[in-house]
Amino acid sequence: MQVRSVGFHRAAYTPADFVRDGRPQFAFVGRSNVGKSTLINTLLNRKGVARVSSTPGKTQAVQYYIVNEKIHLVDLPGYGYAKVAKTTRAEWAKLMEGFFAEAQSLGALFLLLDSRREPTDEDAMMLELARSAGVGVVIIMTKVDKLSGNELTNSRRTIASALAVDPSSLIPFSSMTRQGVDAVWKIIDGNMNIRAAS
Ligand SMILES: Nc1nc2c(ncn2[C@@H]2O[C@H](COP(=O)(O)OP(=O)(O)O)[C@@H](O)[C@H]2O)c(=O)[nH]1
Ligand SMILES: [Mg+2]
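Summary of the structure given here.

Criteria and cut-off values
Residues numbered from 1 in each chain as written. Chains lettered and ligands numbered in written order. Predicted model: local features only at pLDDT ≥ 70, side-chain atom pairs only at ≥ 80, totals over all residues. Heavy atoms only, no water. Phe/Tyr/Trp six-rings, centres within 6.5 Å; stacked < 30°, edge-to-face > 60°. Helix = DSSP H or I, 4+ residues; strand = E, 2+ residues; numbered from the N terminus. Buried < 20%, exposed > 50% of the residue type's maximum accessible area, 1.4 Å probe, protein only. Near = heavy atom within 4 Å. Polar contact = N/O pair within 3.5 Å; in protein donor to acceptor, adjacent residues only side chain to side chain. Areas by Shrake-Rupley, 256 points an atom, 1.4 Å probe, with all protein chains shown as cover. Pairing = 2+ DSSP bridges. Contact = heavy atoms within 4.5 Å. Axes fitted to C-alpha atoms, helices over the stretch in contact; angles between N-to-C directions. Salt bridge = Lys/Arg side-chain N within 4 Å of Asp/Glu carboxyl O. Arc of directions from axis to C-beta.

## Comments concerning the packing of aromatic side chains
Reasoning step 1: Applying the stated criterion across every chain yields a total of 5 aromatic pairs.
Reasoning step 2: Measuring from centroid to centroid gives 5.7 Å for Phe18 and Phe99, while their planes differ by 90 degrees, and the two rings are edge-to-face. Of this pair, Phe18 sits in the loop between strand S1 (6-12) and strand S2 (25-30) while Phe99 sits in helix H2 (residues 86-101); the two residues are 81 residues apart in sequence, bridging distant segments of the chain. Like Phe18, the residue Phe99 is buried in the burial classification.

Quick look at the structure:
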């Protein structure tokens, strides 16, 4: 998809605010600081559309961006930030469960994993949550500019085996080199035909 127009659409703080306009949605999820917002900006070729936060774990909102008036890119709230209060965690869970419960417009869910870390239990749970909601999940390894070729090969193996997925299905991504941008757009372009929102 050639990006012609981009705009901030809405922030949803409760499931009541979710966008249900029938446009295909493509969501991005992962630990706080994994690089979600930066990846969205990189895909859109814009600097400040999605906010890159310096205080991880603060945003408990689902952020919708609209592209070409046609699709939504969705920045889901991050998880795994140790200093977050219990009530905030509960709000996070409610928001995510609600999101997957009515994910009929979701063309794909991109699960972002830091290429330098092993997946956590929370990462595995997120994968399971999405799969059990019937959502197609694509795993992205972020910040691969920090790895050598050998390190990337090893990391790909480690992550794939931890999550029991095919290593070749993982998409290496870097917002610095733009590696992976075309691969992600290709998946979006190939999944535009979602069921219409009910
Ligand atoms: N080296 C490198 N740093 C990145 C990359 N993507 C994000 N970052 C950095 O990682 C930090 C967290 O990024 P952010 O997009 O806010 O993560 P989010 O919490 O998942 O939305 C920021 O300091 C970014 O500059 C990348 O591809 N390469
Ligand atoms: Mg963010």
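## So, the site of ligand 1
Reasoning step 1: Surveying the vicinity of ligand 1 reveals 16 residues, the closest of which are Asn33, Lys36, Thr38, Asp145 and Ser175.
Reasoning step 2: Within the backbone of Gly35, one N or O atom sits 3.0 Å away from an oxygen atom of ligand 1.
Reasoning step 3: Ser175 is positioned such that a nitrogen or oxygen atom in its backbone is 2.7 Å from an oxygen atom of ligand 1.
Reasoning step 4: A total of 580 Å² of accessible area belongs to ligand 1 in isolation, and the protein chains cover 79% of it.

## Considerations on the pairing of S2
Reasoning step 1: Burial runs high along S2: 6 of the 6 residues are buried.
Reasoning step 2: As judged from the 4 bridges shared by S2 and strand S4 (residues 71-75), these two strands associate in the parallel manner. What sits directly across from Ala27, in S4, is Val74.
Reasoning step 3: Two strands pair when backbone bridges link them, and S2 and strand S5 (residues 106-114) are joined in this way by 6 bridges, in the parallel orientation. When the sheet's bridge partners are listed, Gln25 is paired in S5 with Leu106.

## As for the sheet that holds strand S3 (residues 62-67)
One key point about sheets: their strands pair by backbone hydrogen bonds, in either a parallel or an antiparallel sense.
Reasoning step 1: Sheet architecture is open: 7 strands sit in the order S1-S3-S4-S2-S5-S6-S7, paired in mixed fashion. Only two strands of the sheet have a single partner each, and these edge strands are S1 and strand S7 (171-172).
Reasoning step 2: Contacts from helix H1 (residues 36-44) reach S1, S2, S3, S4, S5 and strand S6 (137-142) within the one sheet, and its direction differs from that of S4 by about 155 degrees.

## Here's the deal with the environment of Met192
Reasoning step 1: Relative to the assigned elements, Met192 resides in the segment after helix H5 (181-190).
Reasoning step 2: Met192 gets classed as buried once you look at its relative accessible area, which sits at 18%.
Reasoning step 3: On a C-alpha basis, the gap between Met192 and Ser105 in space is 9.4 Å, while along the polypeptide they are 87 residues apart.
Reasoning step 4: What Met192 contacts, discounting residues up to four positions off in sequence, is Met1, Pro24, Phe26, Lys70 and Ile71.

## A short note on the pattern of salt bridges
Reasoning step 1: For the coordinates displayed, the defined rule picks out 5 salt bridges.
Reasoning step 2: We note a salt bridge from Arg23 to Asp21, for which the minimum N-O separation is 2.6 Å.
Reasoning step 3: By relative accessible area, which is 24% here, Arg23 ends up partly exposed.
Reasoning step 4: Between Arg23 and Glu69 there is a salt bridge, with the nearest N and O atoms lying 4.0 Å from each other. Note that Arg23 is positioned in the loop between S1 and S2 and Glu69 in the loop between S3 and S4, a separation of 46 residues in sequence.
Reasoning step 5: The class for Glu69 is exposed, based on a relative accessible area of 53%.
Reasoning step 6: Members of the salt-bridge network, linked through shared partners, are Asp21, Arg23 and Glu69.

## Some points on H5
Reasoning step 1: Taken residue by residue, H5 has Val181, Val184, Trp185 and Ile188 as its buried positions. For H5, the angular spread of the buried residues around the axis is 95 degrees, confining them to a single face. In H5, the exposed positions angled more than 90 degrees off the buried face are occupied by Asp182, Lys186 and Gly190.

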